[in-house]
Amino acid sequence: MEFGSRRVRKNRRIEIETSYPNALQLYTTPPSGNISLQEFDEMAIERLKVLRTVERLNLSGQIKNSEDWMNKLYEDFSKHKYFIHSAEKISDNKRDEVEAARRRDHVSHFVLRLAYCRSEELRRWFIVQETDLFRARFLHCSTNGSDIKNFLVSNNLHFTPISKEEVHNQRDNLIAGTYKINSGDMMEGRTFFKVPFTEALELVRQRKVYLSGGYAYVPDTDLVTLVTASFRSNLSRALAITNKALPQLEDDERLTRLLHDFDKRYTGNSYSQKKSGDGLHITPDMIDELSTKSFPLCMRQLNDTLRTAHHLRYGGRLTYGLFLKAAGLSLEDALYFWRSHFLKNMDVDKFEKQYAYNIRYNYGKEGKRVDFTPYSCLKIIMTSIGPGDAHGCPFKHNDQTMLRQRLVSFKVPQQAVNEIIELVSMSHYQVACQRYWEATHNACLDAGINHPNQFFEESQKILNGQTQPSQGKRTMHVKTNRSVMYSSQSSTQSTQETTQSTQETTQSTQESTQSTQDSTQPTQASTQDCGNTSDYDSMIFDDDLDSVMIGQSMESEDA
Ligand code: SF4
């Protein structure tokens, strides 16, 4: 792949010299041709959104590849015009559109390989999401009339069916050992593939296939498992190779800048003042009530601290100030709001000199006059918190006992509290926040939580009757393995958001230490069954398998 220079970057279209006969790809050959850096970045972001959608669905606890899971995934693809939706169309109609979408699929996968080959945690995350995406797409294409046979042949995936004679000889064993085959009638018209059991580990673990002499007898209905296993091992090996080749790319500053911290990119909506001006408008007298009804825990904590201590340290003022701005608080109202609290601790002169400037600065009225955007969950979660700071994500930064006490004092139902704490202990902070939203709004939130202002807006929509609560019917308990999403990330800032933090002015070191005070105002919580069941064992197993495969791939590349 070659990258266009800055001079020709604009309006350069992708010129990839490959044709795409199949809706699905195994991504065995890298794309060739020219691509502008802008498109390179756009496509990577687009795929990152797709993979995060897959992850969100998995963390929502629905059973992977169930009808509901698949419907939600494809609904999301069509809603956001993700390339996958177009890539899977039968290519005779709208051939150009389909080819272009398939190119995006191809190129974006390889761009993300560059971004996600850097550490084991990142590789593992990428393999899990890509494999789940591939499996879902394979199933979708199989039921959609796509030419799966052609895909298998063109990718050299030859699974040889066993002969009729062998089927006859093994008939009783196959009936006894194959999942969902209980009688001779169910054998009619069925093809079995005989593969080394290592190629069907998932089916072996679930005891779904007959095993003999080190071979697994896999029915055609489980072909997807074989193909997915092949996809997974190819990808694992490819990431190891990419990792080894990475130093050659490091010389290109343009690429390193784009790929650096890519996994921390925020991919949700932008919450700028302009957008909030078009929608919600709030005033200082509304804030206390809104904080108990509609604010996420991080912002409620800041408001509670402000109410009791009449002061917030710099990080808190910045986080909360930008949140309120995007929630619809005008500059005049913001000055009034902060002044009304701070004047309980200081005189007007001090407030004007030390604090009013920063408030105007946040609104783009001072200094560089940039309209700063509020912080996303990822940024808040990755922030370093010092003693006396009230900002940060309570699900990540608060002690679990204290968090539990707060949730109980907010009248969150006990069952939801237990689930939230369990999610927190597995480092699924945003899913815990989603569960908190659901428990306090008696509704399901399929979109997940990725921004405090999104939490607020979704809440307002429900409370103002603009949307009907989603009554998702799922079973309780999210059970999943520990998140790798945050463990590989340091507390460095997101690349999109560093500009703002570097412009921060030095603050007084005499700021008083504040303790976070829990508000005792109850939240009208009631139980809505939005909980979850997931194939826990399968996820743990996949995780272990990925570690082994990644380890093996890295070792073989070292040798
Ligand atoms: Fe705030 Fe996001 Fe943490 Fe929720 S997950 S408390 S919205 S930072």
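Residues numbered from 1 in each chain as written. Predicted model: local features only at pLDDT ≥ 70, side-chain atom pairs only at ≥ 80, totals over all residues. Heavy atoms only, no water.

*Asks:* Explanation requested: the overall build of the protein in the structure shown.
*Replies:* Broken down by element type, the protein carries 25 helices and 6 strands. Counting contacts in the protein only where the partners sit at least 6 residues apart, residues at least 24 apart contribute 75% of the total. (Helix = DSSP H or I, 4+ residues; strand = E, 2+ residues; numbered from the N terminus. Contact = heavy atoms within 4.5 Å.)

*Asks:* What is the right way to read the nonpolar core from this model?
*Replies:* Looking at soluble globular proteins, one finds that nonpolar side chains tend to be buried together. Judged by nonpolar contacts, the single largest core of 66 residues is most densely connected at Tyr 116, Phe 138, Phe 151 and Val 227. Top contributing element to this core by residue count: helix α1 (residues 37–59), with 10 residues. Each residue touching Val 227, except ones within four places of it in the same chain, is listed here: Phe 134, Phe 138, Phe 151, Leu 152, Leu 157 and Phe 159. The next biggest cluster of nonpolar side chains, apart from the first, holds 64 residues, and it includes Leu 59, Trp 338, Val 412 and Ala 432. (Core = buried A, V, L, I, M, F, W, Y, C linked by side-chain atoms within 4.5 Å. Buried < 20%, exposed > 50% of the residue type's maximum accessible area, 1.4 Å probe, protein only.)

*Asks:* Explain the site of the ligand to me, please; I cannot follow it from the model alone.
*Replies:* Neighbouring the ligand are Pro 296, Cys 298, Cys 377, Ile 380, Cys 393, Pro 394, Phe 395, Cys 433 and Pro 452. When contributions to the shell around the ligand are tallied by element, the ones reaching two or more residues are α18 (377–382) and α19 (394–397). (Near = heavy atom within 4 Å.)

*Asks:* Explain the packing of helix α15 (residues 314–327) against helix α17 (residues 348–362) here, please?
*Replies:* Each pair of packed helices can be summarised by the angle the axes make with each other and by the distance between the axes. Where α15 contacts α17, the axes come no closer than 10 Å and their chain directions differ by 40°. Classed by the angle they form, the pair α15 and α17 counts as oblique. Considering the relative orientation of α15 and α17, their crossing is right-handed. Seen from α15, the contacting residues are Tyr 314, Arg 317, Leu 318, Leu 322 and Lys 325; seen from α17, they are Tyr 355, Asn 358 and Asn 362. A per-class count over the contact of α15 with α17 returns 4 nonpolar, 2 polar and 2 charged. (Axes fitted to C-alpha atoms, helices over the stretch in contact; angles between N-to-C directions. Parallel < 35°, antiparallel > 145°, perpendicular 65-115°, else oblique. Left-handed = near helix turned anticlockwise from the far one by under 90°. Nonpolar A, V, L, I, M, F, W, Y, C, P; charged D, E, K, R; others polar.)

*Asks:* Could you clarify how one ought to interpret empty space enclosed by the protein in this entry?
*Replies:* The gaps left among the atoms become clear once a water-sized probe is rolled over them. For the coordinates displayed, the defined rule picks out 10 cavities of 30 Å³ or more. In this structure, the second largest cavity encloses a volume near 140 Å³. Lining the second largest cavity, in full, are Tyr 314, Arg 317, Leu 318, Gly 321, Ala 334, Trp 338, Phe 342, Tyr 355, Asn 358, Ile 359, Asn 362 and Tyr 363. Mapped onto the lining of the second largest cavity, the elements with two or more residues apiece are α15, α16 (331–342) and α17. (1 Å grid on protein atoms, 1.4 Å probe; cavity = no way out; pocket = protein on both sides within 12 Å on 5 of 7 lines; lining within 4 Å. Points joined across faces, edges and corners; volume = space filled by probe spheres on them.)

*Asks:* Looking at this structure, I do not really get the packing of α1 against helix α5 (residues 120–143). What am I missing?
*Replies:* Running from N to C, α1 and α5 point in directions that differ by 85°, and their axes come no closer than 9 Å. Judged by the inter-axis angle, α1 sits roughly perpendicular to α5. Side by side, α1 and α5 meet where Arg 47, Leu 48, Val 50, Leu 51, Arg 52, Val 54, Glu 55 and Asn 58 of the first sit next to Trp 125, Phe 126, Gln 129, Glu 130, Asp 132 and Leu 133 of the second. Grouping the amino acids of the contact of α1 with α5 by side-chain chemistry returns 7 nonpolar, 2 polar and 5 charged.

*Asks:* What should I look at first to understand the pairing of strand β6 (residues 215–219) in this one?
*Replies:* Across a regular strand the side chains alternate sides, sitting on one face of the sheet and then on the other. Counting buried positions along β6 gives 4 out of 5 residues, so the element sits mostly inside the fold. Inspection of the sheet shows strand β4 (residues 192–196) paired to β6 by 5 bridges, in the antiparallel sense. Along β6, the bridge assignment pairs Val 195 with Ala 216. Pairing geometry for strand β5 (residues 210–212) and β6, over 3 bridges, is antiparallel. From the neighbouring strand, Tyr 210 faces β6, where its bridge partner is Tyr 217. Turn length for the β5-β6 hairpin, with the two strands adjacent in sequence and antiparallel, is 2 residues, and the turn residue Gly 213 shows positive phi of about 55°. (Pairing = 2+ DSSP bridges.)

*Asks:* When you look at unusual backbone geometry in this model, what are you seeing that I'm missing?
*Replies:* What you tend to see is this: most non-glycine residues have negative phi, and most peptide bonds are trans. Phi at Asn 156 is positive, roughly 55°, even though this residue is not glycine. On the basis of relative accessibility, which here comes to 60%, the residue Asn 156 falls in the exposed class. Although it is not a glycine, Asn 442 sits at a positive phi angle of roughly 55°. Of note, Asn 442 is situated in the loop between α22 (429–441) and α23 (452–463).

*Asks:* Which parts of the structure should I look at to understand the environment of Leu 322?
*Replies:* Of note, Leu 322 is situated in helix α15. C-alpha of Leu 322 to C-alpha of Ile 359: the two residues are 37 residues apart in sequence and 9.1 Å apart in space.

*Asks:* How do you make sense of α22 when you look at a structure like this?
*Replies:* One turn of an α-helix holds 3.6 residues; hence residues three or four places apart share an orientation. Compared with the 18 Å implied by 1.5 Å per residue over 13 residues, the 18 Å span of α22 between its first and last C-alpha is a close match. Burial runs high along α22: 13 of the 13 residues are buried. At the exit of α22 stands Asn 442, carrying a positive phi of roughly 55°. (Expected span 1.5 Å × (residues − 1).)

*Asks:* What exactly am I supposed to notice about the sheet that holds β5 here?
*Replies:* Whether parallel or antiparallel, the strands of a sheet pair through hydrogen bonds between backbone atoms. Spatial ordering of the open sheet is given by β4-β6-β5, a layout of 3 strands whose pairing is antiparallel. Here the strands that pair on one side only, and so sit at the sheet edges, are β4 and β5. Averaged over all pairs of adjacent strands, the angle between their axes in this sheet comes to 30°, without regard to strand direction.

*Asks:* I tried to follow the packing of aromatic side chains on my own but got confused; where do I start?
*Replies:* The description of an aromatic ring pair uses the distance of the two centres, along with the angle that the planes make with each other. Counting across every chain of the model gives 26 aromatic pairs. Measuring from centroid to centroid gives 6.4 Å for Phe 295 and Tyr 320, while their planes differ by 75°, and the two rings are edge-to-face. In this pair, Phe 295 is assigned in the loop between α13 (287–293) and α14 (297–309) and Tyr 320 in helix α15, connecting sequence segments 25 residues apart. In this structure Tyr 320 comes out as buried when scored by relative accessible area, which is 0%. Aromatic pair Tyr 361 and Phe 372: ring centres 5.6 Å apart, planes at 25°, arrangement stacked. Here the residue Tyr 361 occupies a position in helix α17, and Phe 372 occupies one in the loop between α17 and α18, the gap between them amounting to 11 residues. By the burial criterion, Tyr 361 is buried, and Phe 372 matches it. Among the aromatic residues, those joined into a ring-pair cluster are Phe 295, Tyr 320, Phe 323, Phe 337, Trp 338, Phe 342, Phe 351, Tyr 355 and Phe 456. Over the aromatic face of Phe 410 sits the side chain of Arg 300, whose NZ or CZ is 3.5 Å from the ring centroid. Looking at Lys 379, its charged tip hangs above the ring of Tyr 375, at a distance of 4.5 Å from the centre. (Phe/Tyr/Trp six-rings, centres within 6.5 Å; stacked < 30°, edge-to-face > 60°. Lys NZ or Arg CZ within 6 Å of the ring centre and 35° of its normal.)

*Asks:* What's the story with the side chain of Glu 366 in this structure? I'm lost.
*Replies:* Relative to the helices and strands, Glu 366 resides in the loop between α17 and α18. Looking at Glu 366, its side chain comes within polar contact range of the side chain of Arg 360, at 2.8 Å. Non-local contacts of Glu 366, meaning those with residues more than four positions away in its chain, are made with Tyr 357, Arg 360 and Tyr 361. (Polar contact = N/O pair within 3.5 Å; in protein donor to acceptor, adjacent residues only side chain to side chain.)

*Asks:* Any chance you could explain α16 here in plain terms?
*Replies:* Its 12 residues give α16 an end-to-end C-alpha distance of 16 Å, which sits within 8% of 16 Å, the value for a rise of 1.5 Å per residue. Every buried residue belonging to α16 is among Leu 331, Asp 333, Ala 334, Leu 335, Phe 337, Trp 338, His 341 and Phe 342, and all of these are buried.

Without other data, these values stay purely geometric and don't point to any function.
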